[in-house]
Amino acid sequence: MTNRPVHVREGLLAPDSRPDQRVALRASRCGTCGLVAFPKRETCEACAATTAEIALSTRATLSAHTEVIHPPPDSKVPVPYGVGLATFPEGIAILGLLADELRHAARIGIAVETFAYEAFPGHLTYGFRIAD
Ligand SMILES: [Zn+2]
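Throughout, residues of each chain are indexed from 1 in the direction in which the sequence is written. Since the coordinates come from a predicted model, pLDDT governs what is reported: local features require at least 70, and pairs of side-chain atoms require 80 or more to be given and counted, while whole-chain, interface and lining totals use all residues.

Draft legend 1. Summary view of the overall build of the protein. Where helices and strands are cited, they refer to DSSP runs of H or I of at least four residues and of E of at least two residues respectively, numbered from the N terminus. Across its full length, the protein holds 1 helix and 9 strands. Computed over the C-alpha atoms, the radius of gyration of the protein is 15 Å, within 12% of the 14 Å expected from 2.2 N^0.38 for a compact globule of 132 residues. Within the protein, the fraction of its 132 residues that count as buried is 28%. Taking contacts inside the protein between residues at least 6 apart in sequence as the whole, the part at least 24 apart equals 50%. Only C-alpha atoms enter the radius of gyration, while the globule expectation follows 2.2 Å times N to the 0.38, with N the number of residues. Think of it as a crowd count around each C-beta: if 20 or more other C-beta atoms lie within 10 Å the residue is buried, if 12 or fewer it is exposed, and in between it is partly exposed, with C-beta placed from the backbone throughout. Residues are defined as contacting one another if the C-beta atoms placed from their backbone atoms lie within 7 Å.

Right, dumping it as C-alpha cells:
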C-alpha cells in the first residue's frame, strides 16, 4: 500500500511522477504535418494522420498569467491560485497552474519549468514554476 497521489487526468505525466519532481509533459507530434498536441492524441486534429508520443521540453517561456481569486464551480484547488500560459520550444502553448512562488513573481517572458504539482491533497497534475 502506497500513498502515491492520484493523477487528476491520466496520460499527462509519467505514471511514476512524484510530487515536486521536474517532469516532461507527454504530448504527440503528427508524422505528416508536424502539429504538436497536448494532451497527446492518437490522430492529428489537423490532417488525421497518425501521431507519435513525444516528451515536451521541461523548460518553457511564460506568455501570459493571471490569478484566480473566486473558485470555479466544483474546483478543488484552493484560491487564490495562479494560472499561466507557457510556450514550449516544440511550438505549443499550454495552460497550467502556477506554483505559489511563480504566482507572486510572474512576468511575461520569464523561464518556467514543468513539475508534478500536488494541487490539492492526494491529487497530482502538472504545474509551472520558476526555472532553475
Ligand atoms: Zn497532421
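Draft legend 2. Looking closely at the sheet that holds strand S3 (residues 36–37). Pairing between two strands requires that DSSP report at least two bridges joining them. What the 3 strands build is an open sheet, ordered S3-S2-S4; its pairing is antiparallel. The sheet terminates laterally at S3 and strand S4 (51–55), the two strands that pair on one side only. Pairing between strand S2 (residues 26–30) and S4: 5 bridges, direction antiparallel. The residue bridging Ala-27 from the neighbouring strand is Ile-54, located in S4.

Draft legend 3. Molecular detail of the domain arrangement of the protein. Domain boundaries in the protein define domain 1 (22–55) and domain 2 (57–132). Boundaries between domains were set according to an automatic or database domain assignment. When each unit is reduced to the centre of its C-alpha atoms, the spacing between domain 1 and domain 2 is 21 Å. In this complex, domain 1 contributes 7 residues to the contact, which on the side of domain 2 involves 10 residues. A breakdown of the residues in the side of domain 1 that touches domain 2 according to their chemical character gives 6 nonpolar, no polar and 1 charged. Classification convention: Asp, Glu, Lys, Arg as charged; Ala, Val, Leu, Ile, Met, Phe, Trp, Tyr, Cys, Pro as nonpolar; all other residues, Gly among them, as polar.

Draft legend 4. Focus on the environment of Phe-128. Tracing the backbone through its elements, the reader meets Phe-128 in strand S9 (residues 123–130). For Phe-128, a count of 27 C-beta atoms within 10 Å translates into the label buried. For the pair Phe-128 and Thr-61, spaced 67 residues apart in sequence, the C-alpha to C-alpha distance is 9.9 Å. In this view, Phe-128 contacts Gly-84, Ala-86, Gly-96, Leu-98, Ala-99, Leu-102, Val-112 and Thr-114; residues no more than four positions away in its chain are not counted.

Draft legend 5. Fine view of the pairing of S9. Where strand S1 (residues 6–7) meets S9, 2 bridges bridge the pair, whose relative direction is parallel. Bridge pairing in S9 links Val-6 to His-123. Bridge analysis of strand S7 (residues 93–98) against S9 gives 2 bridges, and the strand direction is parallel. By the bridge assignment, Leu-98 is partnered in S9 with Phe-128. Linkage of strand S8 (residues 111–120) to S9, two consecutive antiparallel strands, is achieved through a turn of 2 residues, within which Gly-122 is found at a positive phi near 80°.

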